[in-house]
Amino acid sequence: ARTAVVIPAAGRGVRLGRGAPKALRPLGGIPMLVHAVRAVARARTVALVVVVAPPDGAAAVRTMLDEHPLPDSAGATDVVVVTGGTTRQESVARGLDALTDDIDVVLVHDAARPLVPVETVEAVVAAVRDGAPAVVPALPVTDTVKQVGPPADGAGPGAPEPVVATPERALLRAVQTPQGFDRATLAKAHAQAPTEGEGATDDAGLVEALGVRVVLVPGHEEAFKVTRPLDLVLAEAVLARRRA
Ligand code: CTP
Ligand code: MG
């Protein structure tokens, strides 16, 4: 009965702009991926971390992780590196293939959420261990969200987008990672997921497609995803505040 965390880190970070693959970019002088690995390894129950590296970057990631060993406080946590695919869904599936037989709870955590507090990780693990097959940290949304439809006939690029619906904000949640799963449930969800196209960006969505109940636990503001350049500014500020 052991818990593993799969960390998809194989994305390019197109929205962040030019530079090294996103997971290798520094935050407070330390690669984003190292922050993410440390954040999940801090949870007592995590025995194995599977890092999913860019297809051409596994050796570089292994070297980088060896240069930033886990602190003793992380206990006995193995860190293995595998290579990812062209979509996040494919990268997670490759990470799942690397799990050892003794693992029965799996978390999936974006390398792009390097500052997740250990309390959030532990709350997700606890909810899965209490019997929920799929657990997702989430926060209320602050912006009102509009659903848009296809452009009007003859509309060129850059034309205003038509709104088709405004879902009631109080019913919406923004989801984060780590998402936690009973291992067999997540493996089945990935095995049954279509693999063409962009793939799923949300593992819990694949579990929902099986008809299995997904539940939410409180997320955390500091578990935000580093996606665009302004997110790097925020991440540096959060780190500076922690170090103050
Ligand atoms: N990811 C992955 N394999 C892919 C694509 C994404 O492992 N083929 C990972 C990213 O490394 C990231 C997480 O999935 O940790 C969330 O994805 P996102 O924030 O979209 O990162 P990128 O895909 O790298 O960014 P972008 O979409 O802007 O290119
Ligand atoms: Mg992406």
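Cut-offs and rules
Residues numbered from 1 in each chain as written. Chains lettered and ligands numbered in written order. Predicted model: local features only at pLDDT ≥ 70, side-chain atom pairs only at ≥ 80, totals over all residues. UniProt positions renumbered as here; feature names shortened; annotations may be inferred. Helix = DSSP H or I, 4+ residues; strand = E, 2+ residues; numbered from the N terminus. Expected span 1.5 Å × (residues − 1). Contact = placed C-beta atoms within 7 Å. Buried ≥ 20, exposed ≤ 12 C-beta atoms within 10 Å, placed from the backbone. Near = placed C-beta within 6 Å. Nonpolar A, V, L, I, M, F, W, Y, C, P; charged D, E, K, R; others polar.

In the nomenclature of an unreviewed UniProt entry, the protein is known as 2-C-methyl-D-erythritol 4-phosphate cytidylyltransferase of Streptomyces taklimakanensis. Quoted verbatim from the Catalytic activity (unreviewed entry) field of UniProt, the annotation for the protein is "2-C-methyl-D-erythritol 4-phosphate + CTP + H(+) = 4-CDP-2-C-methyl-D-erythritol + diphosphate".

J.: Any chance you could explain helix H4 (residues 118-129) here in plain terms?
T.: The α-helix winds at 3.6 residues per turn, so residues separated by three or four positions along the chain end up facing the same way. Compared with the 16 Å implied by 1.5 Å per residue over 12 residues, the 16 Å span of H4 between its first and last C-alpha is a close match. Packing partners of the buried residues in H4 comprise strand S1 (2-8), helix H1 (32-41), strand S6 (103-108), strand S7 (134-140), strand S11 (179-182) and strand S12 (215-218). Immediately beyond the C-terminal end of H4, within one or two residues, lies glycine 131, with a positive phi of roughly 120 degrees.

J.: Mind showing me how you'd approach the UniProt feature "site: Transition state stabilizer" (unreviewed entry) in the protein here?
T.: UniProt marks Arg15 and Lys22 with the feature "site: Transition state stabilizer" (unreviewed entry), using the numbering shown here. Mapped onto the secondary structure, arginine 15 falls in the loop between S1 and strand S2 (26-27). Overall, arginine 15 belongs to the exposed group, with 12 C-beta atoms counted inside 10 Å. Residues in contact with arginine 15, not counting those within four places in the same chain, are Thr227 and Arg228. Position of lysine 22 relative to the elements: it lies in the loop between S1 and S2. With 25 C-beta atoms packed within 10 Å, lysine 22 lands in the buried category. Sequence-distant contacts of lysine 22, that is, excluding residues within four places in its chain, are made with Gly11, Arg12, Gly13, Leu16, Met32 and Ala112.

J.: What should I look at first to understand the site of ligand 1 in this one?
T.: Neighbouring ligand 1 are 22 residues, the closest being Pro8, Gly11, Val14, Arg15 and Ser91. Among the residues forming the shell around ligand 1, the class breakdown is 8 nonpolar, 8 polar and 6 charged.

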